[in-house]
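Residue strings, one per chain:
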Amino acid sequence: MTTRVIVLNGGSSSGKSGIARCLQAVLPDPWLTLGVDTLIGAMPAAVDEGIDFAGDGGVSVGSGFRRLEDAWMAGVAAMVRAGARVVIDDVFLGGAASQQRWRDALDGLEVLWVGVRCDGVVAAGRETARGDRVAGMAEAQAELVHRGVVYDFEVDTGVNEALACAREIAALTVTTGK
């Protein structure tokens, strides 16, 4: 089987989106990139029991968000089953439970699971430079999102640039047949 899905999991400002864009440039076939930010941006401003960003960087999601997220995950999987290749850029706030939700949605598809690590202090610096995130989110998520998650491969954007990480992921995808 050939990899149809690459799931990038890492905390806020860890470099996932940059890696996803670079993967589009280095992989031989066209790949779509879809991320949790895509989902959040598509949601209406008010969702009962939606998503809440606390002033200290904490994030909590309610059942309303989960219902919409489940539908979105099923839609992403349907796109892959219809022939698209997709890079998913996500933040597993629930660690292993979040990965399991994706595993269920992507059942039967060849998936490459990639952990995107970045030291919390480095990610916090990026967060400040971006100016579009709640302060504290990057540092709070740096390790939390990886708890109990099983990866095929991991990269560290605190040590390597996004393009170098993307090339490593692309090489793994090609050499392993994943």
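Scroll up to find the structure this text is about.
My aim in this report is to walk through the structure given alongside it, one point at a time. This structure is a prediction, so every number in the text was calculated from the model and none was measured.

Here we look at the nonpolar core
Phase 1: Counting 23 residues, the largest nonpolar core has V7, I88, W102 and L106 as the members making the most contacts within it.
Phase 2: Contributions of two or more residues to this core are made by β1 (5-9), α3 (63-81), β5 (86-90), α4 (96-105) and β6 (111-117).
Phase 3: With 6 residues, α3 is the single largest residue contributor to this core.
Phase 4: Not counting the four nearest positions on each side in its chain, I88 is found in contact with V5, I6, V7, L8, L34, V76, W102 and L106.
Phase 5: Grouped together as the second largest cluster of nonpolar side chains are 18 residues, I19, V116, C165 and A170 included.

Focus: the packing of aromatic side chains
Phase 1: Across all of its chains, the model carries 1 aromatic pair by this definition.
Phase 2: Between W72 and W102, the aromatic rings sit 5.7 Å apart at their centres with planes inclined by 70°, giving edge-to-face as the arrangement. In this pair, W72 sits in helix α3 while W102 sits in helix α4, placing the two residues 30 residues apart along the sequence. The two residues W72 and W102 agree in class, both being buried.

About the thresholds
Residue numbering note: each chain is counted from 1, following its sequence as written. Since the coordinates come from a predicted model, pLDDT governs what is reported: local features require at least 70, and pairs of side-chain atoms require 80 or more to be given and counted, while whole-chain, interface and lining totals use all residues. Hydrogens and waters are ignored; side-chain quantities use all the structure's heavy atoms. We define a nonpolar core as any set of buried Ala, Val, Leu, Ile, Met, Phe, Trp, Tyr and Cys residues linked to one another through side-chain atoms lying within 4.5 Å. A simple rule labels every residue: compare its accessible area, found with a 1.4 Å probe on the protein chains alone, to the largest value its type can have, and call it buried under 20%, exposed over 50%, or partly exposed in between. Secondary structure elements are defined from DSSP: runs of H or I of at least 4 residues count as helices, runs of E of at least 2 residues count as strands, and each element is numbered from the N terminus. Contacts are assigned to residue pairs with any non-hydrogen atoms lying within 4.5 Å of each other. In summary, the pairing rule links any two rings of Phe, Tyr or Trp, Trp by its six-membered ring, whose centres are within 6.5 Å, and it sorts them by plane angle into stacked for under 30 degrees, edge-to-face for over 60 and tilted for everything else.

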